[in-house]
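Structural overview for review
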Amino acid sequence: MPHEHRNHDDGSVGHGHEAAFDSVPMAAMLDAEGELSAPLIGQAIASASRLIADRDGSVRRALDLGCGPGVATTALAEAFTGAAVVAVDGSATMLASVDNRAGRAGLGLRVETRPVDLNGDLESLGRYDLVWAAMSLHHVDDEVVTLRRVRALLQPLGVLCVLERAKPTSVRWADDLGRPGLGDRLDEAWRRWSDTRRARLPGALNAEIYPEMLAAAGLEVVGERTMASVVRPPDNESAGRFVTNLVERTVIELEGHAEQADLTAVRTFLDQHRASSARVPAGTGVRMSRRLFLAIR
């Protein structure tokens, strides 16, 4: 049931070893990714809020488990205006980013950060009405063990909200770069890529097995949906780096899965973008997708 892995090649952008993760560049990259996924975060929070209301509960305390740079942390604090939000992560750099973001949003008094190893004992964190785990559980050694510890954190009417990647994050091209049907062919190439990774790495794009793992941890899945959106990145430096990184990954990862002529067109696009002054290529979008699971004790 738990997948055995330490490397997480799940189609995310820029994830590497622990030292690289606990760094300012990685925090900036994840911050950009979080901003682009904000519509999906909002949908997931709304779904969790409705479920809690249906259960006659309320959110006085929320936990962001593996918070990263804190995009969802501040979204939770903004959505649940009467709640204290605790953000935990193993990276000091990520927690510093959370503090900065919460401070800028005027939420510093309601957002607390704590350094926590998600593979360790979570009992000291206390009890919560909502536990949020977005793109974090696939990094632990054994999801079922961690989910059992998470279950113990839930209040009687509490809800666990799990978000994992549904499909690889991908570029949506403004045009076909001189190759009619390029977008559709690259989508199919990404599908082949993910199937290959799924076979080689049990932890790659494994959202479909979370209901089984949640059940094994004593949690009942009461809501499940796939969410997707295409977002136009803002023309700023961090978004530009994110898009450039994503295009570079397209060239590297789809070698052997996509037509060479298509990859050549993408390389040409990348070279032209690097030579231009634009931080984000005009008209380029990013397709984000998440699989949402809502669970209760």
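The residue count restarts for each chain, going from 1 along the sequence in the order it is written. Only residues with pLDDT of at least 70 are given local features in this predicted model, and only at 80 or more are side-chain atom pairs given and counted; all residues enter the totals for whole chains, interfaces and linings. With hydrogens and water stripped out, all remaining heavy atoms of the structure feed into the side-chain values.

Where a protein is soluble and globular, its nonpolar side chains tend to be buried together. Among buried residues, those of type Ala, Val, Leu, Ile, Met, Phe, Trp, Tyr and Cys that are joined through side-chain atoms within 4.5 Å constitute a nonpolar core. Exposure is judged per residue with a 1.4 Å probe applied to protein chains only, and the accessible area is read against the type maximum: over 50% gives exposed, under 20% gives buried, and values in between give partly exposed. One finds Leu-130, Trp-132, Trp-173, Val-247 and Leu-254 to be the most contacted residues of the largest nonpolar core, which totals 59 residues. Residue contributions to this core peak at seven residues, all from helix H3 (residues 38-54). Core analysis: the second largest hydrophobic core is formed by 28 residues, Leu-63, Val-131, Tyr-210 and Leu-219 among them. Starting at the N terminus, helices and strands are each numbered in turn, a helix being any DSSP run of H or I of at least four residues and a strand any DSSP run of E of at least two.

This part covers the packing of aromatic side chains. Working definition: a ring pair exists when centres of Phe, Tyr or Trp rings (six-membered ring for Trp) sit within 6.5 Å. Plane angles under 30 degrees give stacked, over 60 give edge-to-face, the rest tilted. Here the structure, examined in full by the defined rule, presents three aromatic pairs. Ring centres 5.2 Å apart and planes at 85 degrees place the aromatic pair Trp-190 and Trp-193 in the edge-to-face group. Residue Trp-190 and its partner Trp-193 are both found in helix H7 (residues 182-200); the two are separated by three residues, about one turn of the helix. Trp-193 carries the same exposure label as Trp-190, and that label is buried.

Axis definition: a line fitted to C-alpha atoms, limited for helices to the stretch in contact. Angles are taken between N-to-C directions and run from 0 to 180 degrees. Relative orientation of the contacting elements helix H2 (residues 24-36) and helix H5 (residues 92-104) amounts to 50 degrees, with a least axis distance of 9 Å. Between H2 and H5, the interaxial angle falls into the category oblique. Between H2 and H5 lies a crossing whose hand is right-handed. The residues of H5 that touch H2, namely those facing Val-24, Met-26, Ala-27, Leu-30, Asp-31 and Glu-35, are Thr-93, Met-94 and Arg-101. Nonpolar residues are Ala, Val, Leu, Ile, Met, Phe, Trp, Tyr, Cys and Pro. Charged residues are Asp, Glu, Lys and Arg, and all others, Gly as well, are polar. Taken together, the residues that form the contact of H2 with H5 break down as five nonpolar, one polar and three charged. Oblique is the label for any angle not under 35 degrees, not over 145, and not in the 65 to 115 range, which are roughly parallel, roughly antiparallel and roughly perpendicular in turn. Throughout, a crossing is termed right-handed when the near helix is turned clockwise from the far one, and left-handed when it is turned anticlockwise from it by less than a right angle. In this analysis, two residues are considered to be in contact whenever any of their non-hydrogen atoms come within 4.5 Å of each other.

The score called pLDDT rates the predictor's confidence residue by residue, from a low of 0 to a high of 100. Looking at the chain as a whole, its pLDDT mean stands at 89, while 90% of the residues score no less than 70. pLDDT under 50 marks residues 1-17. Its contacts with residues more than four places away, or in other chains, come to 49 contacts.

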